[in-house]
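# Per-entry structural report
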Amino acid sequence: MRKLAWAARGISAATGALLLGALMVPSAAASGGPTPEPEHGKKKCGPVARHVASAAPDYSFALGTVFRLATDRDGHAFLNDSRNQGVWIDLKVVPNAPKCVVDVAVSVEEASGGRLTLSLLSKSGVIYEARCTTSSTPFSPTNLAGTCGVGFQAVQATPV
């Protein structure tokens, strides 16, 4: 019986130390800035769950258009402009895209003439955003990077 009580105290002490360490690490890591992303196709990135997000603008030249973002199990992110049916653009064509994407979000600011914001959550917990200008020309692999200015930028002090 004494051996069992001693083992229980040892387990609870170890669990408490583990929880304390887990609570302290994220805040220290978040203040240090973005961490390097693993390369596409490396085991460190995948497999990850697949995610989809969409946005549908109301401005005149894009009525009926839907912008979709999706991830695959290897951490790649893709954009689809419904005006260019069946074409999924690998977002690595946009400068500074993270290498291992675990979640996505997309939105359209109609007041700014149609600015598309692409948000990618990397496996390291850093959010990256790119703001791309929409037009009557559908997005394609050859024109997307040119519409996104400097490309993806890390959102500072991401709390993940």
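Going by the structure above, here's the rest.
Residues numbered from 1 in each chain as written. Predicted model: local features only at pLDDT ≥ 70, side-chain atom pairs only at ≥ 80, totals over all residues. Heavy atoms only, no water.

With respect to the helices and strands, the residue Val93 is situated in the loop between β4 (88-90) and β5 (101-109). Taking the C-alpha atoms as reference, Val93 lies 10.0 Å from Phe78; in sequence the two are 15 residues apart. With residues near it in sequence (within four places) discarded, Val93 still touches Pro141, Leu144 and Ala145. (Helix = DSSP H or I, 4+ residues; strand = E, 2+ residues; numbered from the N terminus. Contact = heavy atoms within 4.5 Å.)

This part covers the nonpolar core. Most often, soluble globular proteins keep nonpolar side chains buried together rather than apart. Judged by nonpolar contacts, the single largest core of 25 residues is most densely connected at Leu79, Leu91, Leu116, Leu118, Leu144 and Phe152. Mapped onto this core, the elements with two or more residues apiece are β1 (52-55), β2 (67-71), β3 (77-81), β5, β6 (115-122) and β7 (127-133). Looking at which element gives the most residues to this core, the answer is β5, with four residues. (Core = buried A, V, L, I, M, F, W, Y, C linked by side-chain atoms within 4.5 Å. Buried < 20%, exposed > 50% of the residue type's maximum accessible area, 1.4 Å probe, protein only.)

Taken in spatial order, the four strands line up as β1-β2-β3-β4 in an open sheet, and their pairing is antiparallel. On the outer flanks of this sheet lie β1 and β4, each paired with one strand and no other. Neighbour-to-neighbour, the strand axes of this sheet turn through a mean angle of 25°, independent of strand direction. (Pairing = 2+ DSSP bridges. Axes fitted to C-alpha atoms, helices over the stretch in contact; angles between N-to-C directions.)

This part covers the side chain of Asn80. With respect to the helices and strands, the residue Asn80 is situated in strand β3. A relative accessible area of 4% means that Asn80 is categorised as buried. Within the local environment of Asn80, its side chain forms a polar contact with the backbone oxygen of Val87, the two atoms lying 2.9 Å apart. Not counting residues within four places of it along the chain, the set of residues in contact with Asn80 comprises Val66, Phe67, Arg68, Gly86, Val87 and Trp88. (Polar contact = N/O pair within 3.5 Å; in protein donor to acceptor, adjacent residues only side chain to side chain.)

Along β6, six of the eight residues are buried, which leaves the element largely enclosed by surrounding structure. The pairing of β6 with β7 spans seven bridges and is antiparallel. Bridging from a neighbouring strand, Leu120 pairs with Tyr128 of β7. Counting the residues in the hairpin turn of β6 and β7 gives four residues, including Gly125, whose phi is positive at 95°.

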